[in-house]
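Each chain, written out:
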Amino acid sequence: MTEFLWVIIALPLAGAVFLHFFSRFMREPLAGWLASMAIGGSFAVAVVAALPFLSGGEHGETLLLWEWIPALGANIEILWDPLSALMTLIVTGVGTLIHIFAIGYMHGDERFGRFFTYLNLFAASMLTLVLAGNYAMLFIGWELVGLCSYLLIGFWFTRHAPAAAAKKAFVVNRIGDFGLMVGLMLVFTTFGTLSYSGIFDRAPELLTAGTATAIGLLFLLGAAGKSAQIPLYVWLPDAMEGPTPVSALIHAATMVTAGVYLITRSAAIYDLSVTAQVTVATIGAATAIWAASIAMAQRDIKKVLAYSTVSQLGYMFLAVGTTAYVAGVFHLMTHAFFKALLFLGAGSVIHAMGGEQDMHKMGGLRKSMPVTAWTMAIGTIAIAGIPPFAGFWSKDEILASAFARGGWFSLLWIVGLITALLTAFYMTRQWVLVFWGEPRWSEGTHPHESPRVMTFPLVALAVLSVIGGLLNTPVRRTLEHYLEPVFEMVTLQHPPEGLPMFVLLAGLSVLAALAGMGAAFITYRQPAENWRGFEQGFEPLWGTWEEAYRVDDIYGKLIVAPGKKAAETAAFAIDLPVIDGAVNGVARLVRSAGDWVRPLQTGFVRNYGALFLAGTVVVVVWLVMGS
Amino acid sequence: MLTALVLVPVVGALVVALTPRRRTELHLPLGVAVSVLPLALAIYLFTVFEPVAAYQFTEQYVWYEPWGITWTLGVDGISLPMVLLTTILVPISLAASTAITTRTKEFVVYTLLLEAGMIGVFLALDLFLFFVFFEAILIPMYFIIGIWGSERRVYAAMKFFIYTAFGSALMLAGIIALAITHAQEFGQISFQLADLMQLDLGVGAERWLFAAFALAFAIKVPVFPLHTWLPDAHTEAPTAGSILLAGVMLKLGTYGLLRFNLSLFPEVSVDAVWIMGTLAVIGIVYGAAVAIVQPDLKRLVAYSSVSHLGFIVLGTFALTSGGLQGAVIQNVNHGLTTGALFLLVGMIYDRRHTKQISEFGGLQKVMPLYAGFFLFMIFASIGLPGLNGFVGEFLVLIGSYTSVPALAVVAATGVILAAVYFLWAYERVFTGLPEKEENLALSDLSAREISLLAPMAALVLVLGLYPNILLDKIAPSTEAVLDHIEASTGYVVPEPGRLGDVFVAGGD
Amino acid sequence: MVDPGWYMALAGTLFFIGAVGLLLRRNALVMFMCIELMLNAVNLTLITAGRALNDLNGQVAVFFVLVVAAAEVVVGLAIIVAIFRVRASASVDELSELRG
Amino acid sequence: MVEGLLFVVVALVALAGAVTVVAARNPIHSALGLLGTLLAMAVLYVMQLAHLVAAVQVIVYAGAVLTLFLFVIMLIGVDKEERREEPLPYQRWVVGGVSLVIIVFAAGLTFFGDFEWIPAASTLDPAATNGTVQAVAVPLFTDWVLAFEATALLLTIAAAGAIALAHYRRRTA
Amino acid sequence: MVTPEINWLAILPELFLALGAAAVLLVDVQWKPRTLVLGAVAAASVAAAVVASGAQWLEASGATDASGLVAFSGLVVMDGFAIFGRFALLAVTTFGLLSGWRYFESLGRRGAEALALVLLATAGFSIMVASNNLVMMFLGLEAGSIALYVLAGMSRERARSDEAAIKYFLLGSFASAIFIYGVALLYAGTGQFGLLEMRDFLSDFVVLSPAVILIGLGLVVVGLGFKVSAAPFHTWAPDVYQGAPAGVVGYLASVAKVAGFVALARILLTGLDALGADWRPIVAGIAALSMMLGSILALVQDDVRRMLAYSGVAHAGFIMTGVVGGTTEGILFYLAIYSLQLVGAFAVVTAVSGADTSASDLASYRGLARRSPLLAASFAVLLLGMAGLPVTSGFIAKFGVFAQAWSQGFEWLVIVAVIASVIAFAFYLRIIVSMYMDAGDEGTVDVPIPVRWVLVFAVGTTILWGVLPGSLLSLAADAFPL
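Residues numbered from 1 in each chain as written. Chains lettered and ligands numbered in written order. Predicted model: local features only at pLDDT ≥ 70, side-chain atom pairs only at ≥ 80, totals over all residues. Heavy atoms only, no water.

Caption draft 1: Quick peek at helix α23 (residues 499-524) of chain A. Residues and elements named next belong to chain A. If you check α23, its first and last C-alpha atoms are 36 Å apart, about what 26 residues at 1.5 Å a residue would give, namely 38 Å. Listed in full, the buried residues belonging to α23 are Leu505, Ala506, Ser509, Val510, Ala512, Ala513, Gly516, Met517, Ala520, Thr523 and Tyr524. Where α23 is buried, its residues meet α18 (370-384), α19 (390-405), α20 (408-435), α24 (528-537) and α25 (541-546). (Helix = DSSP H or I, 4+ residues; strand = E, 2+ residues; numbered from the N terminus. Expected span 1.5 Å × (residues − 1). Buried < 20%, exposed > 50% of the residue type's maximum accessible area, 1.4 Å probe, protein only. Contact = heavy atoms within 4.5 Å.)

The structure is reproduced here in structure tokens:
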């Protein structure tokens, strides 16, 4: 069976290639359906191929496709193990739904076909990333998803904002990639290869703690770029300039989780360096609360979700940093469900509001678009962490694990708890602002429920967001059992044992969630002026949040501007005048030397004679003296 | 076989030269047709080439016996890719030169002679012969820049010629010194690379000779700070000139460093690792930084070449398998991508007669195909995995990290900067809505132009996904170079991986 | 009996005077006389050396120098006259159009 | 002794003549100075037994050459006097400097260096170098015969050249 | 009673040339025919001379011992060196006459004298290259030089031509005086005029106070350095090249160089070989100065002829480098190919700026590539050949002299030389720039048929000997002096 795994990547890739050349000859929906079928197909294959793992204990295997760069032990090979299988399922599953949704969403766009080309290409790249059997191939996927995100963010290139955002996304990601690259150099120098099999088995014997830390931190830099962690998260909010399905697929469900995947995959390395673990966890927690606080005050419906995504990713980093890898992956999955749901919902709203994204101009939409409203409600509850919805289980396991690890991590646990509160608050705030209260629409907008093709994915995802969490409950740890073979060589952090402990911790987080939701609901169901007052009450804090701590300006002043200055200095103050000047200077010197000597040729024969005689004397004297 | 490879273009040039001057419409097609023959030969050569270290298809004819100069040609894994690259780029650049309407005959003749010279440089195994080709190609290129270039063409051509000639002049002295040393040590004079590699020169002499050779090649590459002729030459040259300059001529430098400096002066090469490496890295970062703020698209690409060639030099002097393999294949990659970029810039220049970035904007709207190709090549050049650029850079970086970690890390920042300058340029040129009305009227790529770009794009993709077609031919030869260095010095190539056994050296 | 060295020295002096004169005078004719002076010095040298070496060839050589001198005189004066015809002056300083 | 005295006198005459050539403002005087030197030379030749050469010297030089000079001087004009001051910048300085170097060098060579004009000189054998017509004629027409013929070439050239130069002046002047 | 030893073969070429000259003059006086007829006569004599030299070559290559090649009791020799040099002279003469043919025609009646003078000059220089005796050499030198003085002064453009003539004449006579004084001093020092005898003397005896010999050596070198226009004795060259009629400059320039260098090399490498340690540094110094000064000064010229003159100075330096190197193959090869290129270059000059003029401003070459592509192309090839770029004979020649100088231990000289040659590129390229890259006035240049022949031959050899130098190089290698 496994020798057909390449199909998983090949299908969407083929879709992309095919659409790239022929989509322009198709009428609108066809391209979309083809794309959806392509990725759906690989989902089907993945399901079949994953079956053997369900029984558990299966290690999976590597399928070599062809040699790529032998000198680096880097080949095009597919590693099919529980982890990659799970990731594949998430990517293809959620991906399919989003593809379908996009058919409706992108309706009427002149580059409809091109859009799906990119979507498929992205799917293929993401699958390359997760299925890679070595770091080099992972890096291929890693960069290609970056490319696709570049293309898709800048999909509406005729407006400057998306173009700029796309560039920003890619460049910031590149900074992360720099870390990853150097990490890979270090890995190669240490192990002499880049293939997982060559590395993980021998990590304990070959890695010193120092090297492990170095690699860990460098990988963290890479992951932080891809997964929008401090300090590199700034590109993600801007990325919302892209079409909403893109935000859902790439910037919520799949690509941004690549960082988490990388660290999880490299568990064997992190296992050897506590420093790296702590750093990862701390970065995660910090990002979680930081982003959450910003999300509190956003007005743009998608910005809220964007920062929420950053925050949730922070949770996942906290998890993997705590070495609660299962919890991390678990949250990755559930988050994929409900965040995709929320984004698609937001998309559906924007679609209905004719492109309006400011939540202050919405309200009361639940009547006109019930399906969206209630599915999004489910999403909100899920992310807020109310049992038995998906978010609760995963997030709670993370917090519990952090608590169980104790020490510094218990501090992080508290941070996580506060974040949970904030999350609940801003998500509820969003839902209420959009669907509750009286309409504040700008005139001329006639919101309407979206077509089936868009609502169906919402429903599907909603279902997943409800039941998805049951995959790994304190009672039945199916997921953990399923992933065991992947992590059997590393120490896993588990939540504390025993039901009472669980009840206590869960209770706390649920309490926080409820508090947040309650507060938000009570505040924002009132008429606008009231909650506006409420927000003003928090000034200047609220304003700071709304402006996202002005991080972009700071970066601009601290990094971009000086960099540009430096470049200009190099180009116009050094290269031309100094270096090139020296070159031309030499040339001019020779010429002017000619001009200096030229007067010797006075034209007076007697001068010539004098010179002649002088020369003669020199020669003679030199000869006689020389001998 | 190899001699034919060198002579076919010459004969072709003569044929073209005999066609009537008035029949301008004949010359270009004829030239393309002629230049396809070497390509065919090269491809055949590629197919029959055995992936082993030794020189193959070697031919030797005595040229003038008393001076020990011979016509010795041979091809190995290092020169083979370069020959292929040359033979591929020449037909393309000829076919791309429809914008050249005056004195087309001369143009074709010069280009073909240029091709012969370049192939000769890569095949020559006799230093005298090598120098003859190395110097001879200056002339046609000088004419190409000087006659068909843009405004400051004469200045650029002069600068190009004198600057590079200066470098090679000292190398000539070095070559003479080597040959005469050989005469003193072994009794008869010889310019054979193989013979000269047997010499043991004193460290002092070796230093000077290394310097002489390195200077010549460093100017050609160009290595910072000897690079300033390049932006001028590239910017002023006609499209074909730029393609061949960037695609092939710069490689003469990197090739020379690899083929001659490493083989002839192993001792000093080992000592020079840090100097050359540092210069290379400075070049990488500096070139990129300067490229960011260039207002002229062609100049930007030119400086990007400075940056990219830094990687090649770094890889060469990393003295590791990865580094050398990376250097060699990066030669090809850079030739393809940068060549294609110059081709693209040339296409837009033919339409708008300007290269100023500020003149454009929103082109993606009016010429999507063009934009597509441009973006593709940009990403290839940025080093996007799956495209060729990545393979070379990655090999170089990882290879050099094992021997000169610090340099490798700094060099890696070049990868970021590349994204910055190219994507920023792309943003300014292609995105947004086209404001200038002269941009609105632009026509998208014609079938001919596509037929030129498509093969390059295909190669870029193939080399990115399956570089092995070259690597397994390159690896043995690079390993041989390393073995020679190890054999003749105390230097030990750092083996990555504390368990050498897992390390899979390419090829052997 | 006078030491040959004296003759040689005298010759050398004459040669020197001739050379300097050539550079100091601007009348083509006089310059030309200076050259004759130099050639005479050469002759004296040849004869003296020949005598000191007991070798007649020195004297023979003098004949040829004489002939050369004569030939030079003929052509030289012809040139001078020709020029004089045109610009009514024998000063070489006026002939300095070609320079640089 | 007598010979020594004679040498001194003649040498002084020769030098005086030479200086006159260089110093005289009027070409005529220069020519006369040259005449003096030429005759003094002839005497010196005789003193060294180069009888034939001395004779030729008087005939060819004092006779032919100098007459030619005078002829041309007349042609160009006697009154062409040269002003003393040097029109060319630096000329005198350069020449003076160079002459100084020469003198110093010569002096140094003579008084400090072990300088010999004729290092291979052997004891004089007057018979060997007695330049009678016959004695000179033998080598001139045996060993040196080709050189002697070559002078013919030289004279032809001189004649042809002179004609060529004069020739065209006539037709274009 | 001794009798002179006569060896007609040894002087046959000179004899033919001289007779040819006489014939030209007489025919002219007698029948006043068209210049073409005179040309035919001249051509015949040159051809005869070539044949005679060929005969000498056979004789020389067949000779078992050297003594057979020494003629006229040592005044002249028939060694390969002389014969090679004479062949070069004859070639230069032929092409000089061809490229200047228009000029000779334009002289009308005086064409005869000009032709005769050319032949006589060649005869004189040909004696010079063959002579093994310093006095003989002096005679040849003077014969040639005097003829050249006249030729330089035979232009219609009186002002400049006169100036060229008087400068050339005065400085030339000065140089000759210095040369012959040097000869006299050498005689005083060694008691010999004959070079072979001088060599034997110097190798047999140790001269305790060699000062006088050294002074003589220095003066001789200076005298010949003037003829070959080596710095600082080059000052006449630019003015004469520019002032003399274009039709003869090519001949005048190259013939003097060939003869001068052959003579110089012969003196230094045979007669004074023993003093190599003394003269090599001096010659090297002169060479370095010439190369640098020549290249730098040529860089700032705006007149093609002056440019060529200064480049000639630089080339004198390069050939001197060969003399330092001390093997004849470098010197002779370089001389041969350079003199041909020089004649060819001046053939172009005559074609572009008229045969009897001194107007050769660089501006008048603008856009020549459009007006007359072939002319421009051949000029370009010749210039690149002089510049010494590969695939031209110039490169082989330069390489040869460099290699020999290096093997003699004059590394510094070679370094200077290569740098100088790079500077030299610049001004050769300047001419090419104005021919190919500057837009110039339209119209066409008509290239006289004989000039075309010259160009074909010059360009052909430049490329041929650049690609396959073996043929000429081996000849040159065998043509060592006795």
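Read on, since the account is not over.
Caption draft 2: Main features of the nonpolar core. Among the nonpolar cores identified, the biggest contains 754 residues, and Met435(E) and Tyr436(E) are the most heavily contacted of them. Top element by residues in this core is helix α3 (residues 57-87) of chain C. It accounts for 20 residues. Those residues in contact with Met435(E) that sit more than four places away from it in its chain are Tyr365(E), Gly367(E), Leu368(E), Ala369(E), Ala376(E), Phe379(E), Ala380(E) and Leu383(E). In this structure, Ala285(A), Leu399(A), Val415(A) and Ala420(A) belong to the second largest nonpolar core, which totals 18 residues. (Core = buried A, V, L, I, M, F, W, Y, C linked by side-chain atoms within 4.5 Å.)

Caption draft 3: Quick peek at the interface of chain D and chain C. In this assembly, 77 residues from chain D lie in contact with 67 residues from chain C. Summed over both partners, the interface of chain D with chain C buries about 6,500 Å², with 76% contributed by carbon and sulfur atoms. It is Gln48(D), Phe69(D) and Glu82(D) that lose the most area in chain D upon contact with chain C, and together they represent 11% of the buried surface on that side. At the boundary of chain D with chain C, the tally comes to 0 salt bridges. Remark: the boundary between chain D and chain C carries 11 residue pairs in polar contact (both at pLDDT 80 or more). Mapped by element, the contributors of at least two residues to the side of chain D that touches chain C are α1 (2-23), α2 (27-47), α3 (51-76), α4 (91-111), α5 (133-141) and α6 (145-172) of chain D. (Buried area = accessible area lost by both parts, 1.4 Å probe. Salt bridge = Lys/Arg side-chain N within 4 Å of Asp/Glu carboxyl O. Polar contact = N/O pair within 3.5 Å; in protein donor to acceptor, adjacent residues only side chain to side chain.)

Caption draft 4: Summary view of the pattern of salt bridges. Summed over the entire model, instances satisfying the criterion amount to 36 salt bridges over all chains. For Arg159(A), the salt bridge goes to Glu241(A), with nearest N and O atoms at 3.6 Å. Note that Arg159(A) is positioned in the loop between α5 (135-153) and α6 (160-191) and Glu241(A) in the loop between α10 (235-239) and α11 (244-253), a separation of 82 residues in sequence. With a relative accessible area of 28%, Glu241(A) lands in the partly exposed category. Of the charged contacts, one joins Asp76(B) and Arg259(B) as a salt bridge, the two residues approaching to 2.6 Å between their closest N and O atoms. Here Asp76(B), found in the loop between β2 (69-75) and α3 (79-95), pairs with Arg259(B), found in helix α11 (residues 239-264); they are 183 residues apart in sequence, far enough to count as distant.

Caption draft 5: Region of the structure containing the interface of chain A and chain E. Contact with chain A, which involves 23 residues of that partner, is made by 37 residues of chain E. Summing the contributions of chain A and of chain E, the shared interface buries around 2,600 Å²; its carbon and sulfur component is 80%. Of all residues in chain A, Gln601(A), Phe612(A) and Leu623(A) give up the largest surface area on contact with chain E, accounting jointly for 27% of the area buried on that side. Along the contact surface separating chain A from chain E lie 0 salt bridges. For the interface between chain A and chain E, the tally reads 5 residue pairs in polar contact (both at pLDDT 80 or more). The element that contributes the greatest number of residues to the side of chain A that touches chain E is helix α27 (residues 605-626) of chain A, accounting for 13 residues. When grouped by side-chain class, the residues that make up the side of chain A that touches chain E number 13 nonpolar, 7 polar and 3 charged. (Nonpolar A, V, L, I, M, F, W, Y, C, P; charged D, E, K, R; others polar.)

Caption draft 6: Local environment of the arrangement of the chains. Counting contacts across all 8 pairs of chains that touch, the top-ranked interface belongs to chains C and D. Without any contact between them, chain B and chain C keep their closest C-alpha atoms 24 Å apart. One thing to see here is that chain B and chain D don't touch, and their nearest C-alpha atoms sit 37 Å from each other.

Caption draft 7: Molecular detail of the pairing of strand β1 (residues 61-69) of chain A. Residues and elements named next belong to chain A. Taken together, the 7 bridges between β1 and strand β2 (residues 74-80) define a ladder with antiparallel strand orientation. From the neighbouring strand, Ile69 faces β2, where its bridge partner is Ala74. Here β1 hands over to β2 after 4 residues, with Gly73 in that stretch at a positive phi of 55°. (Pairing = 2+ DSSP bridges.)

Caption draft 8: View of the packing of helix α8 (residues 195-204) of chain E against helix α11 (residues 246-271) of chain E. Residues and elements named next belong to chain E. Put simply, α8 and α11 touch, their axes get as near as 8 Å, and they point 35° apart. Here α8 contributes Leu195, Met198, Arg199 and Leu202 to the contact with α11, which in turn contributes Arg266, Ile267, Thr270 and Gly271. Classifying every residue of the contact of α8 with α11 gives 4 nonpolar, 2 polar and 2 charged. (Axes fitted to C-alpha atoms, helices over the stretch in contact; angles between N-to-C directions.)

In short, the description is geometric, and any link to function would need to be established separately.
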